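Chain by chain, the residues run as shown.
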Amino acid sequence: MRVPLLDLKAQYATIRDEVREALDRVLESQQFIMGPEVPALEKALADYVGARHGIGMSSGTDALLAALMALGVGPGDRVITPAYSFFATAGVITRLNAVPVFTDIDPGSYNMSPTSLEKAWAALDRSVQQRVKAIVPVHLFGQCADMARILELATDAKVPVIEDAAQAIGTICKGGRAAGTMGVMGCFSFFPSKNLGAIGDGGMVVTDDEALAERLRLLRNHGAKPKYFHKIVGGNFRLDTIQAAVLLVKLRHLDTWHQARRENADRYRELFRQSGLVARGAVGLPPVTDPTPAIRSHIYNQFVIRSPKRDALRDFLTAQGVGTEIYYPVPFNLQECFADLGYRAGDFPESERAARESLALPIYPELTPAQQAYVVDWVAAFHPRA
Ligand SMILES: *Cc1c(COP(=O)(O)O)cnc(C)c1O
């Protein structure tokens, strides 16, 4: 048996006709830039998450970049973000010549630790605190960061929060609000491996703030309004019409896919429980989240287990045809490109431990129970009873 980490062909097989019809419509219209599907998707997605405005962007990375630009982040400013995330979260800060300030994560959720945020803030001189322009928590793997505490700290510090919700489109956080709608702006990615994936790159910023929405629309189009009259310097961060058209089709299926991932996660938990691996301490599972907003408290963009023998386990699974991935092998404080920030090994112990132990297993919606049993059987075979 082969169990890939992600099988996009299996998903495409279920929506082929709808997608081709949508593509055909765009091709016949030849309106590739800002065609009617772009505002249609912006409205549909803003409605889906419960935000007032959606602004389509060329990628999740550009969504984050534009969001920082909309707040006026510039040279020497500080932006606080966790040391453990996809690179883009920190990369966009440096691209604006601002300085990332890292926090550690909570080991259960892999998300920004509010305690560590409080410490990072307190460690800054007052003059530096005044240069902090944003706090950017990440809702990693499809699960919400502790927004209640993060927002409380941010409010006290008078610093706006931008949510990196690239992996959490549709996740409902404690308190009932969707990921991306609690800060001043929320950023989504439509990279093909995300729960709502395009047929290429794409992203979106959502916000309730009319002035920020207007600024984001300017920024994504070189700051021009009207055309050729540039109020500010932006970029070409537009979402392609063709991506919007495909995403409109896929959005109709998103809740079904979320549900299937959730059921797969529950099945993994049961299979791992039966295997005895968790009780023996051989593997750690993602914690069960608050089940009250049941289906979407975790959308399982990834199902990440921990293993003290992660690298050997991964090699073993690869040899059995089981696809896995390490999200992420190097925390930001140890990245070569951030060496000049002056962080050292040991600064963020939980981020560094996660980088050593975490392993993502296949969790995509079309995964079959037999495939999941195969995965868990081989994880068990790697850990023979003493
Ligand atoms: C995917 C991702 C991004 C970047 O999105 P792209 O569309 O790939 O540019 C940013 N942050 C996180 C946490 C992501 O997972």
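Residue numbers restart at each chain and count upward from 1, following the sequence in its written direction. In keeping with the predicted nature of the model, local features appear solely for residues at pLDDT of at least 70, side-chain atom pairs appear and are counted solely at 80 or more, and the whole-chain, interface and lining totals rest on all residues. Side-chain measures were taken over the full set of non-hydrogen atoms in the model, leaving aside hydrogen atoms and water.

## Regarding the pairing of strand 3 (residues 99-103)
- We call a residue buried when its accessible area falls under 20% of the maximum for its residue type, exposed when it is over 50%, and partly exposed in between, using a 1.4 Å probe and counting protein chains only. Each helix corresponds to a stretch of at least 4 residues labelled H or I by DSSP, and each strand to a stretch of at least 2 residues labelled E; elements are numbered beginning at the N terminus. The buried fraction of strand 3 amounts to 4 of the 5 residues, a majority that puts the element mostly inside the structure.
- Traced from strand 2 (residues 78-82) through helix 4 (residues 88-95) to strand 3, the parallel crossover comes out right-handed. Assignment of crossover handedness uses the view with strands pointing away from the viewer, where a clockwise path from the first strand over the helix to the second indicates a right-handed crossover.

## Considerations on the nonpolar core
- Buried Ala, Val, Leu, Ile, Met, Phe, Trp, Tyr and Cys residues that are joined via side-chain atoms within 4.5 Å together make up what is termed a nonpolar core. Counting 53 residues, the largest nonpolar core has Leu41, Leu45, Ile135, Ile169, Phe190 and Leu196 as its most contacted members.
- Elements supplying a minimum of two residues to this core: helix 1 (8-29), helix 2 (37-49), helix 5 (114-122), strand 4 (132-135), helix 7 (147-157), strand 7 (203-207), helix 9 (241-251) and helix 10 (254-275).
- The dominant element in this core, judged by the number of residues it contributes, is helix 9, at 6 residues.
- When sequence neighbours within four positions are dropped, the list of residues in contact with Ile169 reads Leu45, Tyr48, Phe188, Phe190, Asn195, Leu196, Leu254, His258 and Ile299.
- If you look at the next biggest cluster of nonpolar residues, it comprises 28 residues, including Leu65, Ala98, Ile162 and Ala213. Residue contacts follow a heavy-atom distance rule, with two residues in contact if any of their heavy atoms lie within 4.5 Å.

## Examining helix 5
- Here helix 5 has its buried residues at Pro114, Ser116, Leu117 and Ala120. For helix 5, the angular spread of buried residues about the axis comes to 155°, placing them on one side. Exposed and oriented more than 90 degrees from the buried face of helix 5 are Lys119 and Ala122.
- Buried residues belonging to helix 5 abut strand 2, strand 3, strand 4 and helix 7. The arc in question is formed by the directions pointing from the helix axis toward the C-beta atoms.

## Observations concerning a nonpolar patch on the surface
- Patches were defined on residues exceeding 30% relative accessible area and lacking a salt bridge, with like-charge contacts within 9 Å and nonpolar side-chain contacts (Val, Leu, Ile, Met, Phe, Trp, Tyr) within 5 Å. To be clear on the numbers: accessible area is Shrake-Rupley with a 1.4 Å probe, and residue cover counts the displayed protein chains and nothing else. One side-chain nitrogen of Lys or Arg within 4 Å of one carboxyl oxygen of Asp or Glu is enough to make a salt bridge. Taken together, the side chains of Leu27, Phe32, Ile33 and Met34 make up a nonpolar region of the molecular surface, amounting to roughly 330 Å² of accessible area.
- Following the sequence through the fold, Met34 ends up in the loop between helix 1 and helix 2.
- For Met34, a relative accessible area of 32% gives the class partly exposed.

## Looking at the pattern of salt bridges
- On inspection of all chains with the given rule, the structure shows 16 salt bridges.
- Here Glu270 makes a salt bridge to Arg273, at a shortest N to O gap of 2.8 Å. With a gap of 3 residues between them, Glu270 and Arg273 both fall in helix 10, about one helical turn apart.
- A salt bridge links Arg353 to Glu357, with the shortest nitrogen-to-oxygen separation between them at 2.9 Å. One end of the pair is Arg353 and the other is Glu357, both in helix 12 (residues 349-357) and 4 residues apart, which spans about a single turn.
- Since its relative accessible area comes to 16%, Glu357 is described here as buried.

## With respect to the domain arrangement of the protein chain
- Its domain assignment divides the protein chain into domain 1 (8-251) and domain 2 (254-382).
- For each domain, the first and last residues come from an automatic or database assignment. When each unit is reduced to the centre of its C-alpha atoms, the spacing between domain 1 and domain 2 is 24 Å.
- Contact residues are listed per partner, giving 40 residues for domain 1 and 37 residues for domain 2.
- The junction of domain 1 with domain 2 conceals about 3,500 Å² of combined surface from both sides, 60% of it contributed by carbon and sulfur atoms.
- Inspection of the region where domain 1 meets domain 2 yields 0 salt bridges.
- Two N or O atoms form a polar contact when they lie within 3.5 Å of each other; inside protein one atom must be a possible hydrogen donor and the other a possible acceptor, and for residues adjacent in sequence the pair counts only when both atoms belong to side chains. Here domain 1 is connected to domain 2 by 25 residue pairs in polar contact (both at pLDDT 80 or more).
- Take the side of domain 1 that touches domain 2: its biggest share by element is 5 residues, from strand 3.
- Ten residues, namely Ala, Val, Leu, Ile, Met, Phe, Trp, Tyr, Cys and Pro, are considered nonpolar, four, namely Asp, Glu, Lys and Arg, are considered charged, and the remaining ones, Gly among them, are considered polar. Broken down by class, the residue content of the side of domain 1 that touches domain 2 amounts to 23 nonpolar, 13 polar and 4 charged. Note on terms: buried area is the combined drop in 1.4 Å-probe accessible area of two parts once they are placed together, counting the loss on both.

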